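Tertiary structure, described
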Amino acid sequence: MSLPEIVSRAEWRAARRELLLEEKAVARARDALGAERRRLPMVPVDREYVFEGDGSTSLFEPGPELGGGKATLLDLFEGRRQLVVHHFMFAPEWDAGCRGCSAFLDQIGHLAHLAARGTTFAAVSRAPFTKILPFKARMGWMLPWYSSPSGDFNKDFEVTLEHEGRLTERPGLSCFLRDGDRVFHTYSTYGRGLDGLGSTTSLLDLTALGRQEEGEEPDGCASALGAPTGSERIRYHDEYDEYDEHDEYED
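This one's a predicted model, so the numbers in the text were calculated from it and none came from an experiment.

**Focus on helix H5 (residues 129-139)**
Within H5, burial applies to Phe129, Ile132, Phe135 and Lys136. On an axial view of H5, the arc spanned by its buried residues comes to 130 degrees, and they lie on one face. Along H5, the residues that are exposed and aim more than 90 degrees away from the buried face are Thr130, Ala137 and Arg138. In this structure, the buried residues of H5 make contact with strand S2 (51-53), helix H3 (99-106), strand S5 (119-125) and strand S6 (145-147). Directly beyond the C-terminal end of H5, a positive phi value near 75 degrees is found at Gly140.

Right, dumping it as structure tokens:
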């Protein structure tokens, strides 16, 4: 095994200062890239997709068990302004979900922090809901997870691909923005693009409205939801309430 060199504390501090300069440069580049991502144009989603779920669409008050109830893409927003969809690899013929996708979902933080920024997170797979529900229970996940029975949603957003006459799956994330009842696709990333994601801020950085903090470019993102910005909005996850989640973001 090759271990780091052993040095004195003073030598370590000097080396750490040099590395810090590079880390700050990467942070500035990441901020600039995030601003460019928020400047991306968006595409209206005019196709009517139908999903199946268990009806547990509220973060604070679980809904009735629908056992395969129907939902539209607009429904997946749960009344919020933004939606982040994890394209979870789970083909209809599989008995369990993808291990890599499962490890990714294990990293997702408490959804209350996204909800407080007007953003909903949900997983979507091609597997039938009768397979999703027991696997979700096995993994102990509470997040919304829907089936796309026709597979059209996965195909249109390029996570179910046809290769040599066979359908193949790849992991991805897609972001959507709601303006009234109109839904727009703002961003997608696939495969290695998911590396390092999972925290609240990393997911918000993919969205059109970003972290909604003062100083973010382009101007206007911070005030888009008409709510406090930055650390003023962060609370313990059990201190958010439905006012934070819905009322102040209504159109």
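The discussion continues.
**Here's the deal with the nonpolar core**
Membership of the largest hydrophobic core comes to 28 residues, with the highest contact counts inside it found for Phe88, Phe104, Leu105, Phe121, Trp145 and Leu173. If you list the elements that add at least two residues to this core, you get H3, S5, H5, strand S9 (172-179) and helix H7 (200-204). Setting aside residues no more than four positions away along its own chain, Phe121 makes contact with Val84, His86, Phe104, Leu105, Ile108, Leu111, Leu114, Leu143, Pro144, Leu173 and Leu203. The next biggest cluster of nonpolar side chains, apart from the first, holds 16 residues, and it includes Phe51, Ala71, Leu83 and Phe157.

**So, the packing of aromatic side chains**
Counted under the stated rule, the structure contains 14 aromatic pairs. Ring centres of Tyr49 and Phe153 lie 5.2 Å apart, and the angle between their planes is 85 degrees; this geometry places the pair in the edge-to-face category. You can see Tyr49 sitting in the loop between strand S1 (43-44) and S2 and its partner Phe153 sitting in helix H6 (residues 152-156), a full 104 residues away along the chain. A relative accessible area of 8% places Tyr49 in the buried class.

**As for the pattern of salt bridges**
In the structure shown here, the tally under the stated rule is ten salt bridges. For Glu52, the salt bridge identified is with Lys70, shortest N-O distance 2.8 Å. Linking Glu52 in strand S2 with Lys70 in strand S3 (residues 69-71), this pair joins segments that are 18 residues apart in sequence. A relative accessible area of 58% means that Lys70 is categorised as exposed. Members of the salt-bridge network, linked through shared partners, are Arg47, Asp152 and Asp156.

**Re the environment of Glu158**
Here Glu158 is to be found in the loop between H6 and strand S7 (160-163). Through-space distance from the C-alpha of Glu158 to that of Tyr190 is 8.9 Å; in sequence the pair is 32 residues apart. When neighbours within four sequence positions are excluded, Glu158 is seen to be in contact with Arg170 and Tyr190.

**Thoughts on helix H1 (residues 9-38)**
In this model, H1 (30 residues) spans 42 Å end to end at C-alpha, consistent with the 44 Å of a helix rising 1.5 Å per residue. Those residues of H1 that sit buried are Gly34, Ala35, Arg37 and Arg38.

**A closer look at the confidence of the model for the protein**
Overall, the predicted model of the protein reaches an average pLDDT of 85, with 84% of residues at or above 70. Confidence, read as mean pLDDT per element, is least for helix H8 (residues 242-245) in the protein (48) and greatest for S1 (97). Contacts from residues 57-67, a stretch scored under 50 in pLDDT, to residues over four places away or in other chains number 25 contacts.

**Concerning the pairing of S5**
The buried fraction of S5 is high, at seven of seven residues. Burial of the side chains of S5 extends over both faces: Thr119, Phe121, Ala123 and Ser125 are buried on one face and Thr120, Ala122 and Val124 on the other. Inspection of the sheet shows strand S4 (residues 82-87) paired to S5 by six bridges, in the parallel sense. Bridge pairing links Val85 to Ala122 in S5. Bridging between S5 and S6 involves three bridges; their strand directions are parallel. Across the sheet, residue Val124 finds its bridge partner in S6, namely Tyr146.

**Remarks on the state of the cysteines**
Across all of its chains, the model carries zero disulfides by this definition. Cys98 takes part in no disulfide bond, and the closest cysteine sulfur to it belongs to Cys101, at a distance of 3.6 Å.

**Digging into the environment of Ser102**
Structurally, Ser102 is set in helix H3. Beyond its immediate chain neighbours, meaning those up to four positions away, Ser102 contacts Phe88, Gly97, Phe135 and Trp141. Separated by 2.7 Å, the side chain of Ser102 and the backbone oxygen of Cys98 make a polar contact.

Rules used throughout
Residues numbered from 1 in each chain as written. Predicted model: local features only at pLDDT ≥ 70, side-chain atom pairs only at ≥ 80, totals over all residues. Heavy atoms only, no water. Buried < 20%, exposed > 50% of the residue type's maximum accessible area, 1.4 Å probe, protein only. Helix = DSSP H or I, 4+ residues; strand = E, 2+ residues; numbered from the N terminus. Arc of directions from axis to C-beta. Contact = heavy atoms within 4.5 Å. Core = buried A, V, L, I, M, F, W, Y, C linked by side-chain atoms within 4.5 Å. Phe/Tyr/Trp six-rings, centres within 6.5 Å; stacked < 30°, edge-to-face > 60°. Salt bridge = Lys/Arg side-chain N within 4 Å of Asp/Glu carboxyl O. Expected span 1.5 Å × (residues − 1). pLDDT = per-residue confidence, 0-100. Pairing = 2+ DSSP bridges. Disulfide = S-S within 2.5 Å. Polar contact = N/O pair within 3.5 Å; in protein donor to acceptor, adjacent residues only side chain to side chain.

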